[in-house]
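What follows is the residue order along each chain.
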Amino acid sequence: MNTIKLAVFDMAGTTVNEHNIVYKTVQKVINDLGYKVSLDQVLKYGAGKEKHQAIIDVLQNCTRSKAIKQEAQTAFAAFKPALESAYDTQEIGTFKGILPFFKKLKTHDIKVVLNTGYDAKTATKILTKLDWKTGREIDLMVTADDVENGRPNPDMIYKAMREFNITNAKAVLKAGDSEIDIIEGKNAGCRLTIGVLSGAQNRQQLEAAKPDYILDVITDLEELLFGENLFH
């Protein structure tokens with residue numbers, strides 16, 4: 001087998017434990033329009049997506065809105081300041097063992113990249129709160145702002161590959177907590193796609209995208225990769 005050279009990890013729910021702050025905020029701004037969508041509905045239709053698109057998809061699937069475009073714009077305009085306030089006032093953290101896991105990947109010359117449906121400002125705020133820096137804890141972060149097409153398109157993965165001069169997607173793995181993360185990885189042609197149960201979606205929802213593996217938490221990937229010698 002070819003050597004894995006690049007590991008692309010989703011942020012919230014995969015490497016960052018932020019207790020669904022983002023999706024609770026999406027729920028709030030939609031319900032402020034007069035709807036009563038549940039958090040489960042937001043997670044089902046919005047998880048992993050660029051957040052304006054997530055709002056559109058929740059409105060389309062969970063409401064009887066007759067003005068989706070306009071209401072989505074209104075909700076998204078409210079979303080950014082609401083999320084900024086939430087991140088300023090609420091605690092976020094990482095899942096147990098994340099940094100040693102990243103370090104082990106790096107010792108095997110595997111680049112650690114975070115990608116996210118967040119805009120750059122939100123993603124940077126998260127890194128700052130965690131005291132993570134590009135070039136130290138991670139090698140690169142790619143956000144929805146950095147590409148023309150968000151998930152499930154493979155643009156963010158391809159951007160990371162270009163950054164490190166990787167031309168073969170079979171040297172790449174993609175892991176995330178939502179179906180759209182897995183579809184993104186498959187669309188990029190990644191050698192491995194991994195779903196994790198620590199975030200937005202449950203096993204049944206993840207299985208719909210047919211990932212290679214579903215793990216409880218992302219750090220379980222260490223045993224899988226080293227134990228089965230998938231690096232070689």
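Residues numbered from 1 in each chain as written. Predicted model: local features only at pLDDT ≥ 70, side-chain atom pairs only at ≥ 80, totals over all residues. Heavy atoms only, no water.

### Comments concerning the nonpolar core
Counting residues in hydrophobic clusters, the biggest one holds 56 residues, and the most contacted among them are Phe9, Ile55, Phe102, Leu114, Trp132 and Leu221. Ranked by residue count, the leading element in this core is helix 4 (residues 68–89), at seven residues. Those residues within four positions of leucine 221 in sequence are excluded, and the remaining contacts are Phe9, Phe101, Leu173, Ile194 and Leu215. By size, the runner-up hydrophobic cluster in this structure holds 16 residues, among which are Leu140, Ile157, Ile166 and Val172. (Core = buried A, V, L, I, M, F, W, Y, C linked by side-chain atoms within 4.5 Å. Buried < 20%, exposed > 50% of the residue type's maximum accessible area, 1.4 Å probe, protein only. Helix = DSSP H or I, 4+ residues; strand = E, 2+ residues; numbered from the N terminus. Contact = heavy atoms within 4.5 Å.)

### Remarks on the layout of surface pockets
Reported here for the largest pocket is a volume of approximately 150 Å³. What lines the largest pocket is simply Lys44, Tyr45, Ala47, Lys49, Ser178, Glu179, Ile180, Ile183, Gln201 and Gln205. For the lining of the largest pocket, the secondary-structure elements that each account for two or more residues are helix 2 (39–46) and helix 8 (179–188). The leading source of residues in the lining of the largest pocket is helix 8, at three residues. A class-by-class count of the residues in the lining of the largest pocket yields four nonpolar, three polar and three charged. (1 Å grid on protein atoms, 1.4 Å probe; cavity = no way out; pocket = protein on both sides within 12 Å on 5 of 7 lines; lining within 4 Å. Points joined across faces, edges and corners; volume = space filled by probe spheres on them. Nonpolar A, V, L, I, M, F, W, Y, C, P; charged D, E, K, R; others polar.)

### Things to note about empty space enclosed by the protein
Applying the stated rule across the entire model yields one cavity of 30 Å³ or more. Computed from the structure, the largest cavity encloses a volume of approximately 60 Å³. The wall of the largest cavity is formed by Asp10, Met11, Ala12, Tyr23, Gly48, Lys51, Thr116, Gly117, Tyr118 and Arg151. Each residue belonging to the lining of the largest cavity can be placed in one class, and the counts come to four nonpolar, three polar and three charged.

### Re the pairing of strand 1 (residues 6–10)
Burial within strand 1 is extensive, with five of its five residues counted as buried. Side chains Leu6, Val8 and Asp10 project from strand 1 onto one buried face, and the interleaved Ala7 and Phe9 project onto a second face that is buried too. Bridge count for strand 1 against strand 4 (residues 111–115) is five bridges, and the pairing is parallel. Looking across to strand 4, one finds that valine 8 is bridged to valine 113. In the sheet, strand 1 pairs with strand 6 (residues 172–176) via four bridges, with the strands oriented parallel. When the bridges of strand 6 are listed, alanine 7 appears paired with leucine 173. (Pairing = 2+ DSSP bridges.)

### Examining the environment of isoleucine 4
Turning to its location among the elements, isoleucine 4 is positioned in the segment before strand 1. Considered as a pair, isoleucine 4 and glutamate 179 are 175 residues apart in the sequence and their alpha carbons are 22 Å apart.

### Here's the deal with the pairing of strand 7 (residues 192–196)
Along a regular strand, successive side chains alternate from one face of the sheet to the other. Across the five residues that make up strand 7, a large majority, five, are buried. Alignment of strand 6 against strand 7, held across four bridges, turns out to be parallel. Bridge pairing in strand 7 links lysine 174 to threonine 193. Handedness of the strand 6-helix 8-strand 7 crossover: right-handed. By the bridge criterion, three bridges tie strand 7 to strand 8 (residues 213–215) in an arrangement that is parallel. (Right-handed = clockwise from strand over helix to strand, strands pointing away.)

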